[in-house]
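# Secondary and tertiary structure notes
This is what each chain is made of:
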Amino acid sequence: MRRKYGPAQCYRCQGFFHSSKFCSRNPKCVKCGKPHLTRDCTKTKEEEPSCCHCQSKHPVNYIGCPRNPLNKPPPPPKVNYWERAKKRNEMQAAAKARATLSTQTNIQAEATTSSIQGQSTPSAPKTQVTSSSHQTHVTPSSLQPQANLPPMQIINQTQETSSSQQTTHSSPTEPAKTSMKNQDPPSLMYTFSQVNDPKVQEMIDVVQQFIAISKSNKPRAQRAMEIFSLLRTKF
């Protein structure tokens, strides 16, 4: 007798995992899939069979039927909670390691680029001396004295350059100051003529009285009171 493969199948309802001995479901034909018993089927050999499970053109007991439990994909394996947690921790650790490695590579690349730029940029041979009104470029060659000239000529040249720089750096307000300095001071006769002014005479009298009070033999407090009354101050 030929060995049967696959799960048990009912001859009455064509269901799986039970027998027809105790089946009480509605009958279905194994040939045409219609709701009648197989022995009552009137299908001929020329007609194509039909499956009641997948509506394909094959008998219901065909092992290659996609609705047969034998052809279903196996369920995924059960994974323990601790195994899932371990796998998740491993994935997180790998992601952190990749991030740290990328940061280290970026830092190294920046350091190499900065070192290359520092080597490529030459030292600046010129120094700039800036002012509010004029900018002068002073080079080290101009600061060094010329070997062919005598020392006195070198000193004269440096003095001339310094004076020229001072004149160029002078602000527009300096001409007005120089014009005020060039004015003649008041003459001596003019100062003596101002002595006869009443205000000047008044101040001279105040000074004389102040000297007289200070030289008197009175107590210090009394002298202070007299000075305050002379100056017309209130306290």
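Not measured: the values here are computed from a predicted model.

### Brief notes about the overall build of the protein
- The number of helices and strands found in the protein is seven helices and two strands.
- Secondary structure of the protein in N-to-C order comes out as α-β-β-α-α-α-α-α-α.
- Taken over 235 residues, the protein has a buried fraction of 11%.
- For the protein, long-range pairs separated by at least 24 residues make up 24% of all intrachain contacts whose partners lie at least 6 apart in sequence.
- Accessible surface, the protein: about 20,600 Å² in total, of which carbon and sulfur atoms supply 58%.

### Regarding unusual backbone geometry
- Even without being glycine, Gln 14 reaches a positive phi, approximately 60°.
- Checked against the element boundaries, Gln 14 lands in the segment before helix H1 (81-120).
- Given a relative accessible area of 2%, Gln 14 falls into the buried group.
- Of note in this structure, Gln 55 is not a glycine but carries a positive phi near 55°.
- Residue classification places Gln 55 among the exposed positions, given a relative accessible area of 59%.

### Re the packing of helix H6 (residues 198-215) against helix H7 (residues 220-230)
- Direction vectors running N to C along H6 and H7 enclose 170°, while the axes themselves pass 10 Å from each other. Regarding the angle of H6 to H7, the classification is roughly antiparallel. Taken together, the residues of H7 that come into contact with H6 (itself represented by Val 206, Gln 209, Phe 210, Ile 213 and Ser 214) are Arg 223, Glu 226, Ile 227 and Leu 230.
- For the contact of H6 with H7, the per-class residue count stands at five nonpolar, two polar and two charged.

### Remarks on the packing of aromatic side chains
- This structure, assessed with the given rule, holds one aromatic pair.
- Between Tyr 81 and Trp 82 the ring centres are 5.3 Å apart and the planes differ by 75°, which places this aromatic pair in the edge-to-face class.
- Under the relative-accessibility criterion, Tyr 81 is labelled partly exposed at 46%.

### With respect to the pattern of salt bridges
- Tallied over the entire structure, the rule returns two salt bridges.
- Lys 57 is the partner of Glu 48 in a salt bridge, and the nearest nitrogen-oxygen pair spans 3.1 Å. This pair shows no difference in class: Glu 48 is exposed, exactly as Lys 57 is.
- Linking Glu 226 and Lys 218 is a salt bridge whose minimum nitrogen-to-oxygen distance equals 2.7 Å.
- Using a relative accessible area of 34% as the deciding quantity, one classes Lys 218 as partly exposed.

### Brief notes about H6
- With 18 residues, H6 extends 26 Å from end C-alpha to end C-alpha; this agrees with the ideal 26 Å at 1.5 Å per step.
- The N-cap residue of H6 is Asp 197: its side-chain oxygen and the backbone nitrogen of Lys 199 are 3.1 Å apart.

### Some points on the UniProt feature "domain: CCHC-type" (unreviewed entry) in the protein
- Mapped onto this numbering, the UniProt entry annotates "domain: CCHC-type" (unreviewed entry) at residues 9-25 and 28-43.
- As annotated, residues 9-25 comprises 0% helix and 0% strand, and the C-alpha atoms at either end are separated by 13 Å.
- Taken as a whole, residues 28-43 contains 0% helix and 0% strand, while its terminal C-alpha atoms sit 13 Å from one another.

### Describing a nonpolar patch on the surface
- Side chains of Leu 188, Phe 192, Val 195, Val 200 and Ile 204 sit close together on the surface and give an oily, nonpolar patch of about 420 Å² of accessible area.
- Broken down by secondary-structure element, the contributors of at least two residues to the nonpolar patch are helix H5 (188-193) and H6.
- Inspection of the secondary structure assignment puts Phe 192 in helix H5.
- For Phe 192, a relative accessible area of 53% translates into the label exposed.

### What to know about the confidence of the model for the protein
- Averaged over every residue, the pLDDT of the protein is 76; the share at 70 or more is 69%.
- In the predicted structure, residues 124-151 sits below a pLDDT of 50 and forms 23 contacts with residues beyond four places in sequence or in another chain.
- Between residues 167-175, whose pLDDT stays under 50, and residues either more than four places distant or in other chains, the model counts seven contacts.

Definitions and limits used
Residues numbered from 1 in each chain as written. Predicted model: local features only at pLDDT ≥ 70, side-chain atom pairs only at ≥ 80, totals over all residues. Heavy atoms only, no water. Helix = DSSP H or I, 4+ residues; strand = E, 2+ residues; numbered from the N terminus. Buried < 20%, exposed > 50% of the residue type's maximum accessible area, 1.4 Å probe, protein only. Contact = heavy atoms within 4.5 Å. Areas by Shrake-Rupley, 256 points an atom, 1.4 Å probe, with all protein chains shown as cover. Axes fitted to C-alpha atoms, helices over the stretch in contact; angles between N-to-C directions. Parallel < 35°, antiparallel > 145°, perpendicular 65-115°, else oblique. Nonpolar A, V, L, I, M, F, W, Y, C, P; charged D, E, K, R; others polar. Phe/Tyr/Trp six-rings, centres within 6.5 Å; stacked < 30°, edge-to-face > 60°. Salt bridge = Lys/Arg side-chain N within 4 Å of Asp/Glu carboxyl O. Expected span 1.5 Å × (residues − 1). Polar contact = N/O pair within 3.5 Å; in protein donor to acceptor, adjacent residues only side chain to side chain. UniProt positions renumbered as here; feature names shortened; annotations may be inferred. Patch = residues over 30% accessible without salt bridge, like charges linked within 9 Å, V, L, I, M, F, W, Y side chains within 5 Å. pLDDT = per-residue confidence, 0-100.

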